[in-house]
Amino acid sequence: MKRSTKFWAWVVFALGVLYFLLPLIATIQFSLSIRRDRLTFDAYSNVFLQPEFQQTLTYSLLVGVAAIIIGLLIVVPAAYFVRLRAPQLRPIIEFVTLLPLIVPPIILVFGYIRLYSSSSILPLTNSSLGTNILLTLGYVALAMPYMYRAVDTGLRTIDVQTLTEAANILGANTVTIIVRVIFPNIIVAALSGAFLTLAIVVGEFTMASLLNRPAFGVYMQNVGANRAYEPAALAVISFIITWAAMGMIQLLARFAPKTQRT
Amino acid sequence: MADEFLRIENLVKAFGANTVVKGANLAFNRGEFITLLGPSGCGKTTILRMIAGFERPTAGTILVEGSDISPLPPNQRKIGMVFQAYALFPNMNVEDNVGFGLKIAGMPREQRRARVEEMLALIGLPGYGKRFPFEMSGGQQQRVALARALAPKPRMLLLDEPLSALDAKIRVSLRQEIRSIQRDLGITTIFVTHDQEEALSISDRIVVMSAGNVEQVGTPFEVYNRPATKFVATFVGTINTLNAEVVNPASKSVSVDGHTFSVPKLPEGLSGRVSLTLRPEAISLGKPNGQDIVLNGRVSEVSFLGSVIRLRVDLGMNSLSLDTFNDQHTPPPALDQPVEVSMSSSDILILPN
Amino acid sequence: MSNNVDTIIETIAAPASAGVAPVRGGPFARFAGLRWGDYLGIAPFFLFAILFLIVPTLFLMVGAFQDSAGNFTLQNIVSLGTPEIFSSFWISIRVSAASAAMGAAFGLILAFAVIRGRLPEAIRSTVLTFSGVASNFAGIPLAFAFIATLGRLGIITLGLRYAAHFDIYRAGFNLFSFWGLTLTYCYFQIPLMVLIIAPAIDGLKQEWGEAAATLGASTPQFWRYVGLPVLWPNLLGTLSLLFANAFGAIATAYALTGSTLNIVPIVLYAQIRGDVLNNPGLGAALALGMVVITALANVIYLVVRTRAERWLK
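Residues numbered from 1 in each chain as written. Chains lettered and ligands numbered in written order. Predicted model: local features only at pLDDT ≥ 70, side-chain atom pairs only at ≥ 80, totals over all residues.

Asks: Just to check I follow, could you spell out the overall build of chain A for this structure?
Replies: Scanning chain A from N- to C-terminus turns up 11 helices and zero strands. When the elements of chain A are put in sequence order from the N terminus, they spell out α-α-α-α-α-α-α-α-α-α-α. Principal-axis analysis of the C-alpha atoms places the extent of chain A at approximately 75 × 70 × 30 Å. Considering chain A as a whole, with its 262 residues, one finds that 51% of them fall into the buried category. When contacts within chain A are restricted to residue pairs at least 6 apart in sequence, those whose partners lie at least 24 apart make up 76%. (Helix = DSSP H or I, 4+ residues; strand = E, 2+ residues; numbered from the N terminus. Buried ≥ 20, exposed ≤ 12 C-beta atoms within 10 Å, placed from the backbone. Contact = placed C-beta atoms within 7 Å.)

Structure follows, in structure tokens:
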């Protein structure tokens, strides 16, 4: 009986490997097949040389960085104060962080368009800058559950309570504590959240497309509608970026500081 | 005449290069309560699991009522088992848990219900049938686990450190309950523990193990008072060790910190250094009362434990731990007070290392 | 977009800290005991949540009940029942259910194989790590990857045609169809299932199996009476989560089937883009319908999870 379990386990695993690896291999192979007779990187060079590629990738990266910064500015103080002084607010905050997971992005952006259009109090969609801000904030919302969870876990591992009390006794005020004591210690956790945000932003399509922003995801879709081999190259690039971001998170997990708990 | 129930012959278990059980030979009678006692890693749990069928012996045989049970899978051995972590099925209430073995065996529902009620009464939890494991304390869960194991009337009961996860008070009361249930039912039981007090208080016989070897098999009295090896003497209860020098092999006299006395038990022709061991209760404070050895020393530690006063007396190179009863009219000795301690040479144990 | 599961699990499993605020009554009792400095720290979070999460969604929900003049009406909701709209909901439900069921089934089998199949330990951690990444693989790149694999010029399509002389397209398969989309969705549904169910399978204590064995149960009997019943709530809950996950996804579908498969997000997208329904209120009603369905599925998941956890404490 033991033997046959092991056999079937290997079979299942092999099927899984097939299902998950084949599309990746296919994409890579497809992306190299733009010339019928041999494998070349021509599809990649076509893509890299297109000005839209550089422009949209840059745009997405910038928006991503902005989303990360704003996200951290919002999340870190909130997580800190909830953990330290207002644990009773935790259920509310956790409910809020669940909302972006329950409300699909398309609904969210639809809501933005309706609420912040030209006839509302905050007509963000009227200007390019306003729309960019809206998109960035939309990404902050999408990434918020992960960002909050990452920062909160980081705070839990470093025993915020004790650090704060120690810094307090030594004369530091709250801002100093957050900036000079807490933040350096949760940088690793914050970076985790940051990389996840980046992974989300770079490939995102729905919000960017409906807000008419020149983002990388929209660009990818356009290429996909018009070309055959270049989309595969873009997909490979996108995979590499996502894998790299996830890889960084795993790597960072090893460097997370912890205080000893007695 | 004793009726042999379980026999273990040359049992060996190795995990790769690591031999965990190094050849055990044991025989138990029907209805006996046997404890396998030893520190972590000594092989006691491995032996239990081999009897249950969860580990396959590397060598050796296990015979139950004369027949080799090694080819049988665990679910055909008719052995009941209680685990350290209770292992009650979380999706079933107490009734269904206790009746599980009966259901598997195909017992009809009415009969099952009657048997379950009988078992719940036996463990002192009548009326708990509808409760779920997560609603009960550790002690209650373990009693239910016991009822569940006993319900199908197994021919043997195995308990793997069942009390280790419980609070101290519950441990003491539950071990007595287990023992009395076992007596009532007359079922052969093997109990694994690292707690020597537990082993001493409830067993018919104890198997003391260390690093894969069986050090001694005997009744609690035998194991405590006539330890076969140094390990048994130190693991079971506390023991004092005196380093002595043989002065005259012919007259069997030895010297300890300047005192000379003879030890008739000393093996013939022994010379050089020798370890003398004896139990704390064999030493008394003050002048001898029929004892033939008197030593002088200074009190180095005094612990007032209420009815018992535990003292440590420094003899020079050696020190002794002894217990004396509280006396309302006499305060305990002070630190550094010079005292005399007395003992009988017949109480001294000479142990192989 | 699919959900990163580590985060979901931790978010949901994290217990709420016991509050220490003295109860002074009223809805704002939670805020008693805070200093104004604390408010400054927490305010941006709540401000953001209100302005860019809660209000936009509520605004949209309210819009479902308004006609073009702004008056209250139920007409939009009623219009959800029209054949086109209804059929798009129905297709969405079918795709979501199919990909959830397939994802759950194969994810469960894979998780079992990797955790209890006596495979080398390295395989288990590799699969779990890969699942963590793959559950985020949705969107445009995923569609491209499947096109490269099973499209008309895809590597498997061509491979089968030349090596086995078997043309899957001639046999009726089409990537740009209901089943093609479902198959593609499985690429993030299966890893999601693996990630969520792995801790639950780990939680099946070895002693339960051993105890069952000493009581005479065979392996199938163990699974029937103990193993599966213990896992069942988790399975159900995760099925619900996978359903919600697929229901809200659009990017993959957009790039793969476009408007040939009129799932609700696609219709909504078209409506937002160009008011193809000629009725803004209807768009809002569509959104409302979507939110109701995904919220319901998520709530089922949460409720079932907490109940299961209570058992296994």
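The structure having been displayed, the exposition proceeds.
Asks: What is the right way to read the packing of helix H5 (residues 105-115) of chain A against helix H6 (residues 128-157) of chain A from this model?
Replies: Residue and element names in this part refer to chain A. At a minimum axis distance of 11 Å, the contact between H5 and H6 shows a crossing angle of 145 degrees. Where H5 crosses over H6, the two elements pack in a sense that is right-handed. Contact residues: H5 offers Pro-105, Leu-108, Val-109 and Tyr-112, while H6 offers Leu-134, Gly-138, Ala-141 and Leu-142. When its residues are assigned to classes, the contact of H5 with H6 shows seven nonpolar, one polar and no charged. (Axes fitted to C-alpha atoms, helices over the stretch in contact; angles between N-to-C directions. Left-handed = near helix turned anticlockwise from the far one by under 90°. Nonpolar A, V, L, I, M, F, W, Y, C, P; charged D, E, K, R; others polar.)

Asks: How do you make sense of the pairing of strand S2 (residues 18-29) of chain B when you look at a structure like this?
Replies: Each regular strand shows side chains that alternate between the opposite faces of the sheet. Residues and elements named next belong to chain B. Bridge count between strand S1 (residues 4-15) and S2: nine bridges; the pairing is antiparallel. Looking at the pairing, Glu-4 lines up with Asn-29 of S2. Following S1, the chain reverses through two residues before pairing antiparallel with S2; Gly-16 in that reversal takes a positive phi of roughly 65 degrees. (Pairing = 2+ DSSP bridges.)

Asks: I tried to follow the interface of chain A and chain C on my own but got confused; where do I start?
Replies: Size of an interface: often given as the accessible area lost when the parts come together. Each partner contributes to the interface: chain A provides 76 residues, whereas chain C provides 70 residues. Looking at the side of chain A that touches chain C, the element that brings in the most residues is helix H1 (residues 2-31) of chain A, giving 15 residues. Tallied by class, the residues present in the side of chain A that touches chain C amount to 55 nonpolar, 15 polar and six charged.

Asks: What am I meant to see in the sheet that holds strand S6 (residues 79-82) of chain B here?
Replies: Sheets are built from strands paired through backbone hydrogen bonds, the pairs being either parallel or antiparallel. All names here are of chain B. Sheet architecture is open: six strands sit in the order S6-S7-S8-S3-S9-S10, paired in mixed fashion. Of all the strands in the sheet, the pair left with one neighbour each is S6 and strand S10 (213-218). Ignoring which end each strand starts from, the neighbouring axes of this sheet average 15 degrees apart. In the sheet, strand S7 (residues 156-160) pairs with strand S8 (residues 188-193) via five bridges, with the strands oriented parallel.

Asks: In this structure, what is going on with unusual backbone geometry? I would like to understand it.
Replies: All names here are of chain C. A positive phi angle is found at Arg-118, which is not glycine, with a value near 55 degrees. As for its position among the elements, Arg-118 is in the loop between helix H4 (83-116) and helix H5 (121-134). On the basis of neighbour counts, which here come to 12 C-beta atoms within 10 Å, the residue Arg-118 falls in the exposed class.

Asks: Help me understand the pairing of strand S9 (residues 205-210) of chain B in this model?
Replies: Residues and elements named next belong to chain B. Sheet analysis places strand S3 (residues 33-37) next to S9, joined by four bridges and oriented parallel. Following the sheet pairing, Ile-34 is matched in S9 by Arg-205. Relative to S10, S9 is paired through five bridges, and the arrangement is antiparallel. Counted as the bridge partner of Ile-206 is Gly-218 from S10.

Asks: In this structure, what is going on with the nonpolar core? I would like to understand it.
Replies: When a protein is soluble and globular, its nonpolar side chains tend to lie buried together. Core analysis: the biggest nonpolar cluster contains 250 residues, and Val-75, Ala-143 and Val-151 of chain A, Leu-158 of chain B together with Phe-144, Leu-268 and Ala-287 of chain C have the highest contact counts within it. Aside from chain neighbours lying at most four places away, what touches Leu-268 of chain C is Ile-106 and Phe-110 of chain A together with Gly-283, Leu-286, Ala-287 and Met-290 of chain C. (Core = buried A, V, L, I, M, F, W, Y, C linked by C-beta atoms within 7 Å.)

Asks: Explanation requested: the confidence of the model for chain B in the structure shown.
Replies: Regions with low pLDDT carry predicted coordinates that are not meant to be interpreted in detail. For chain B, the mean per-residue pLDDT works out to 91, and 99% of the residues sit at or above 70. In the predicted assembly, ipTM is 0.83 and pTM is 0.79. (pLDDT = per-residue confidence, 0-100.)

Asks: Quick question: what am I supposed to make of helix H6 (residues 140-150) of chain C here?
Replies: An α-helix turns once every 3.6 residues. As a result, residues three or four positions apart point the same way. H6 of chain C sits mainly inside the fold: 11 of its 11 residues count as buried. Within H6 of chain C, the full set of buried residues consists of Ile-140, Pro-141, Leu-142, Ala-143, Phe-144, Ala-145, Phe-146, Ile-147, Ala-148, Thr-149 and Leu-150 of chain C.

Asks: Sorry if this is basic, but what is going on with the interface of chain C and chain B here?
Replies: The interface of chain C with chain B comprises 19 residues on the first partner and 20 residues on the second. Sorting elements by how many residues they give to the side of chain C that touches chain B places helix H9 (residues 206-214) of chain C first, with six residues. In terms of residue class, the side of chain C that touches chain B is built from 10 nonpolar, four polar and five charged.

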